[in-house]
Amino acid sequence: MPDVEANKAIVRRYMEAVGAGDAAAADALQARDATWWVLGYGDMTRAVFSAAVGSMIAAATSRSVTIISMIAEGDRVAAEIVSEMHFGDRVYRNQYHDLFVIRGGLIVAGREYLDTKVVDAFQAVMAG
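Note that the structure is a prediction, hence the values are computed from the model and not measured.

Scoring rules and cut-offs
- Residue numbers run consecutively from 1 along every chain, following the written order of its sequence.
- Where local features are concerned, this predicted model is filtered to residues with pLDDT of at least 70; where side-chain atom pairs are given and counted, the filter is 80 or more; whole-chain, interface and lining totals use all residues.
- Only heavy atoms go into the side-chain values, all of them from the structure, while hydrogens and water stay out.
- Definitions used throughout: a 1 Å grid over protein atoms alone; a cavity as a set of points that fits a 1.4 Å probe which cannot get out; a pocket as an open set with protein on both sides within 12 Å along at least five of seven lines; a lining residue as one with an atom within 4 Å of a point.
- Grid points are joined across faces, edges and corners, and a volume is the space filled by probe spheres set on the points.
- Here a strand is any run of E in DSSP of at least two residues, a helix any run of H or I of at least four, and the numbering for each starts at the N terminus.
- In this analysis, two residues are considered to be in contact whenever any of their non-hydrogen atoms come within 4.5 Å of each other.
- DSSP bridges decide pairing: two strands pair if at least two such bridges lie between them.
- As a rule, the C-alpha atoms of each element are fitted with a line to give its axis, helices using only the stretch in contact, and angles between N-to-C directions run from 0 to 180 degrees.

Colleague: Can you break down the layout of surface pockets residue by residue, with the values?
Modeller: Volume-wise, the largest pocket comes out at about 610 Å³. In terms of lining, the largest pocket is formed by 24 residues, of which the most central are Val53, Met56, Tyr92, Tyr96 and Glu112. Secondary-structure elements contributing two or more residues to the lining of the largest pocket are helix H1 (4–20), helix H3 (46–59), strand E4 (76–87), strand E5 (90–103), strand E6 (106–114) and helix H4 (116–127). Tallying contributions element by element places H3 first for the lining of the largest pocket, with six residues.

Structure, rendered in structure tokens:
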């Protein structure tokens, strides 16, 4: 039987790493063959997802990631998250509902639901 508290701790560590801008630590919490699905973007490999997260947190001048709530059952952890990243005078703030599958102390799969209109608007501002 999976240890749901240990699984929740892995998700906390992952989110803390993202908030701290530590892409390497976030990446290290994933299995080699981890997969992700992101609303509006579809399926991604660990490498593609980690590169996207890494480039975003590296470019941010400051960032915060707040877990609003978490529930766990078996090898799954669901987390409601609010993230805010500053890029100079521009701010990206979004809300997420992520589902993590944890096995052997690592994230093996993730599903991320977010407001795609916020992403589109931010990308337009950054391009503009």
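So much for the structure itself; the text now carries on.
Colleague: Describe the side chain of Arg46, with residues and values.
Modeller: Assignment of secondary structure puts Arg46 in helix H3. Leave out the neighbours within four places in its chain, and Arg46 touches Asp27, Ala28, Gln30, Ala31, Arg32, Ala34 and Trp36.

Colleague: An account of the side chain of Asn7 is requested, with residue identities and associated values reported.
Modeller: Looking at the secondary structure, you find Asn7 in helix H1. Setting aside chain neighbours within four positions, we find Asn7 in contact with Pro2, Gly74, Asp75, Val77 and Ile102.

Colleague: So what about the sheet that holds E6? Which residues, and what values?
Modeller: Ordered in space as E2-E1-E6-E5-E4-E3, the six strands form an open sheet in which the pairing is mixed. The sheet terminates laterally at strand E2 (42–45) and strand E3 (62–73), the two strands that pair on one side only. In this sheet, neighbouring strand axes are inclined to one another by 20° on average, regardless of whether the strands run parallel or antiparallel. Where strand E1 (residues 30–38) and E6 come together, five bridges link them in parallel fashion. Bridging across to E6, Trp36 finds its partner in Gly110. Against the sheet, H3 contacts E1, E2, E3, E4, E5 and E6, and its axis sits at roughly 75° relative to E1. Set on the sheet, H4 makes contact with E4, E5 and E6; between it and E5 the angle comes to about 135°.

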